[in-house]
Amino acid sequence: MSEIRIRGLCPLKGEIAIQGSKNAALPMMAASVLHKGTTVLTHVPRIQDVFCMMGILESMGCRCRLEGHQLEIDAADLTSVSIPEHYIKAMRSSIILLGPLLGRFGEAVTSYPGGCSIGRRPIDLHLEALRRLGAGIREEDGKILASAGRLVGAEIRFGFPSVGATENALMAAVLAEGTTVIRGAAREPEIQELSHMLNGMGARIRGAGTDVIQVEGVKTLRDTQVRVSGDRIAAGTYIACVMAAGGRICLRQTEPESMTAVLSAFSRMGARIQAGGETVTASMDGRPAAIDLRTSPYPGFPTDLQSPALAVLASGRGTSCLEETVFEGRFATARELVKMGARIRVEGNRAMVEGRFPLTGTRVEAPDLRGGAALAAAAMAAEGETVIGQCRHIFRGYEDICRDLAALGASIQRESEATWVE
Ligand code: UD1
């Protein structure tokens, strides 16, 4: 059983380095299978999702060596193109292996994350893009079988800028014959990072970071070494924590230019933010102010920080409206925050929040990865002790949230640890 215990109302103060980005590292790991050779990634976060992706790669015949935060992947002897089912259930984003496997081997076998039927969400855009590149995709005994000779470049048009589908299309197109144009592409910084890595391997990609990406297919790739950027969502989470707790923190190894919408929203909520180079300093006096906020694809406010923002607004002053436009029904955190005394009313994809301070420490359950981290932020503004259960969700994406928050002065303890860190 994994639990985190937090004693609230303790201002934060201090400096930490931000872990490598989960959402950048996972597609980069997937991209390594495109090349019959070695890829080295540095500043890789030591999180469950990365361990899970290593497990998948190893099960297919890759050799992975993680030393500290450096991960070496040798995909020369990759023999299986089948992604084991239990991994797919554990990590939905394993779907991003489909494109690179098809690109290199002309075939790939996977199954539905969650078992919905073919052609429907949430992987319809992935499959459609691969079909456009010439892959035949069929369903047999609950498995998805994708095959092609060599993929052929084509025009792909996304009606919604899906991050994963854009990454899959991009990776599949790298070794395809001829030119691929992806329109309506997602513009997230992680797509630029992936393209930068692939270009370092010898790919020819232009336009990543815009909604039109052009890929000129190449025949072979080469070894490369690349650094994973600082995690903009982890950085945003810790800023949410200082906003709930009060105090002043300094975050190093961040990418402030990829956090413009976040830093601007947090400033409107009353945080004083200074960003320069790779450092963000955030301080908060008094309670966060109410704002209306909506999530949207990059460069908008990220859906992954919607729950932490909800926690901050719930412990602030005044009435806010938070609208979720990327994922349906991503308000499970609201239910847990209400247990802590928060006043939140969810109507469809909107949450109406009436700020209240302090919240009350109690037992809550992490509903998902970001929701769990949001509960840690809420606990900072709660009187007494908050116990967060189901913490395995949090460890999927945060290397050591207890270490980081303790270094910032929080009173936080993991169940297995015997002593309080104050
Ligand atoms: C990625 C991130 C995740 C983040 C999300 C949105 C990774 C590993 N994960 O997830 O943390 O929350 O971007 O910024 O990078 N959709 C479809 N059909 C598809 C694919 C997606 O309908 O084939 C829908 C989804 O149900 C969702 C929306 O599109 O409503 C956004 O999904 P998408 O951008 O694909 O997110 P992921 O790549 O899964």
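It should be emphasised that the depicted structure is a prediction, and the values quoted were computed from it without experimental measurement.

Participant: Could you clarify how one ought to interpret the packing of aromatic side chains in this entry?
Facilitator: Pairs of aromatic rings are described using the distance from one ring centre to the other and the angle between the two planes. Following the criterion strictly, the structure yields two aromatic pairs and no others. For the ring pair Phe 266 and Phe 301, a centre distance of 6.2 Å and an interplane angle of 75 degrees mean the geometry is edge-to-face. Taken together, the residues Phe 266 in helix α9 (residues 260-268) and Phe 301 in the loop between β17 (292-294) and α10 (306-314) connect sequence positions 35 residues apart. By the burial criterion, Phe 266 is buried, and Phe 301 matches it. Across the ring face of Phe 357, the terminal group of Arg 287 is positioned such that the distance to the ring centre comes to 3.9 Å. Between the NZ or CZ atom of Arg 414 and the centre of the ring of Phe 395, over which it lies, the distance is 4.1 Å.

Participant: Is there a simple way to think about the confidence of the model for the chain in this case?
Facilitator: When pLDDT drops low, the exact placement of atoms in the prediction is not to be read closely. For the chain, per-residue confidence averages 95 on the pLDDT scale, and residues scoring 70 or more make up 96% of the total. Counting contacts from residues 115-120, a segment whose pLDDT is below 50, to residues more than four positions away or on other chains yields 12 contacts. Below pLDDT 50 for its whole length, residues 417-422 participates in 14 contacts with residues either more than four positions away or in separate chains.

Participant: I would appreciate a short explanation of the domain arrangement of the chain in the present structure.
Facilitator: A common way to express how large an interface is: the accessible area buried when the components associate. Examined at the domain level, the chain breaks down into domain 1 (3-19 + 230-414) and domain 2 (22-227). For domain 1 versus domain 2, the separation of C-alpha centres amounts to 31 Å. Between domain 1 and domain 2, the residue contacts involve 20 residues of the former and 18 residues of the latter. Around 1500 Å² of area is buried between domain 1 and domain 2 when both sides are counted, 48% of it from carbon and sulfur atoms. Looking only at domain 1, the three residues that lose the most surface to domain 2 are Tyr 298, Arg 396 and Glu 399, adding up to 38% of its buried area.

Participant: Would you mind going over the site of the ligand with me for this structure?
Facilitator: Surveying the vicinity of the ligand reveals 17 residues, the closest of which are Pro 122, Asp 124, Ser 162, Asp 304 and Val 326. One of the side-chain nitrogen or oxygen atoms of Asp 124 is found 2.6 Å away from a nitrogen atom of the ligand. Contact with the protein chains removes 82% of the 750 Å² of surface that the ligand exposes when unbound. Structurally, the ligand is housed in the largest pocket. Sorting the residues of the shell around the ligand by element identifies α5 (124-132) and α6 (163-174) as the ones contributing at least two each. Per-element tally for the shell around the ligand: the top contributor is α5, with three residues. Considered class by class, the residues forming the shell around the ligand number seven nonpolar, six polar and four charged. The residues that make up the shell around the ligand include at least three from each of domain 1 (3-19 + 230-414) and domain 2 (22-227).

Participant: Is there a simple way to think about the layout of surface pockets in this case?
Facilitator: Taken as a whole, the largest pocket spans an internal volume of roughly 1700 Å³. At the level of elements, α1 (22-31), α3 (85-90), α5, α6, α8 (232-245) and α12 (369-380) are the ones that each hand at least two residues to the lining of the largest pocket. Per element, the largest residue contribution to the lining of the largest pocket is four residues, and it comes from α1. Partitioning the lining of the largest pocket into residue classes produces 20 nonpolar, 10 polar and 16 charged. Two domains share the lining of the largest pocket, each providing at least three of its residues, namely domain 1 (3-19 + 230-414) and domain 2 (22-227).

Participant: What should I look at first to understand the sheet that holds strand β15 (residues 272-276) in this one?
Facilitator: Sheet strands pair by backbone hydrogen bonding; their relative direction is either parallel or antiparallel. With mixed pairing, the four strands of this open sheet are ordered in space as β2-β14-β16-β15. Because the sheet does not close on itself, it has two edges, and the strands there are β2 (12-17) and β15. Taken over all neighbouring pairs, the strand axes of this sheet differ in orientation by 5 degrees on average, direction set aside. As defined by bridge partners, β15 adjoins strand β16 (residues 279-284) across five bridges and the pair is classed as antiparallel. Among the inter-strand pairings, Gly 276 is bridged to a residue of β16, identified as Thr 279. Where α8 meets the sheet, its contacts fall on β2, β14 (247-252), β15 and β16, and the angle it forms with β14 comes to roughly 170 degrees.

Participant: Even after reading the chapter, I still don't get the pairing of β14, so can you show me in this structure?
Facilitator: Successive side chains on a regular strand alternate, one facing one side of the sheet and the next facing the other. Examined bridge by bridge, β2 and β14 share six bridges and lie parallel to one another. What sits directly across from Leu 12, in β14, is Gly 247. Where β14 and β16 come together, five bridges link them in antiparallel fashion. Pairing of Ile 249 across the sheet is with Ala 282, part of β16.

Participant: Honestly, α1 in this entry has me stumped. Any pointers?
Facilitator: Note that an α-helix has 3.6 residues per turn; residues three or four places apart therefore point the same way. Of all 10 residues in α1, nine are buried; the element is thus mostly enclosed. Inspection of α1 places Lys 22, Ala 24, Ala 25, Leu 26, Pro 27, Met 28, Met 29, Ala 30 and Ala 31 among the buried residues, and these make up the whole buried set. Residue Ser 21 occupies the N-cap position of α1, its side-chain oxygen lying 3.4 Å from the main-chain nitrogen of Asn 23.

Participant: Hey, could you run me through the side chain of Thr 180 in this one?
Facilitator: Summarising the element assignment, Thr 180 is placed in strand β10 (residues 179-183). Of the residues examined, Thr 180 reaches a relative accessible area of 0% and is grouped as buried. A polar contact is formed between the side chain of Thr 180 and the backbone nitrogen of Ala 154, at a distance of 3.5 Å. Once residues lying within four places of it in the same chain are set aside, the contact partners of Thr 180 are Leu 133, Gly 153, Ala 154, Ile 156, Ala 173, Ile 213, Gln 214 and Val 215.

Cut-offs and rules
Throughout this description, residue numbers start from 1 for each chain and increase along the sequence as written. In keeping with the model being predicted, local features are shown solely for residues with a pLDDT of at least 70 and side-chain atom pairs are shown and tallied solely at 80 or more, while totals for entire chains, interfaces and linings include all residues. Here the side-chain values reflect all heavy atoms present in the structure, with hydrogen atoms and water set aside. A pair of Phe, Tyr and Trp rings is counted when the ring centres sit within 6.5 Å of each other, with Trp represented by its six-membered ring. The angle between the planes then sorts it: under 30 degrees is stacked, over 60 is edge-to-face, the rest tilted. A run of H or I in DSSP counts as a helix once it spans at least four residues, and a run of E counts as a strand once it spans at least two, with each numbered from the N terminus. Think of it in three bands: residues with accessible area under 20% of the maximum for their type are buried, residues over 50% are exposed, and the middle band is partly exposed, with areas taken using a 1.4 Å probe on protein chains only. For a ring to carry a charge above it, either NZ of a lysine or CZ of an arginine must fall within 6 Å of the ring centroid while also lying within 35 degrees of the normal to the ring plane. The score called pLDDT rates the predictor's confidence residue by residue, from a low of 0 to a high of 100. Residue contacts are counted whenever heavy atoms from the two residues lie within 4.5 Å of one another. Where a domain begins and ends is set by an automatic assignment or by a domain database. Accessible area that two parts lose when put together, evaluated with a 1.4 Å probe and summed over both, is termed the buried area. When at least one non-hydrogen atom of a residue lies within 4 Å of a molecule or strand, that residue is treated as near it. Under the rule applied, a polar contact is a pair of N or O atoms within 3.5 Å (in protein, one hydrogen donor and one hydrogen acceptor; residues adjacent in sequence only if both atoms are side-chain atoms). Computed with the Shrake-Rupley method and a 1.4 Å probe, the accessible areas treat only the protein chains shown as cover for residues. The way it works is a 1 Å grid over only the protein atoms, where trapped points that fit a 1.4 Å probe form a cavity and open points with protein on both sides within 12 Å along at least five of seven lines form a pocket, and then any residue with an atom within 4 Å of a point lines it. Molecules are considered to sit inside a cavity or pocket once more than half of their atoms lie within 2 Å of its grid points. Residue type decides the class: Asp, Glu, Lys and Arg count as charged, Ala, Val, Leu, Ile, Met, Phe, Trp, Tyr, Cys and Pro as nonpolar, and the leftover types, Gly among them, as polar. Grid points are joined across faces, edges and corners, and a volume is the space filled by probe spheres set on the points. Any two strands between which DSSP finds at least two bridges are classified as paired. The angle between two axes is taken between their N-to-C directions and runs from 0 to 180 degrees, where each axis is a line fitted to C-alpha atoms and a helix contributes only its stretch in contact.

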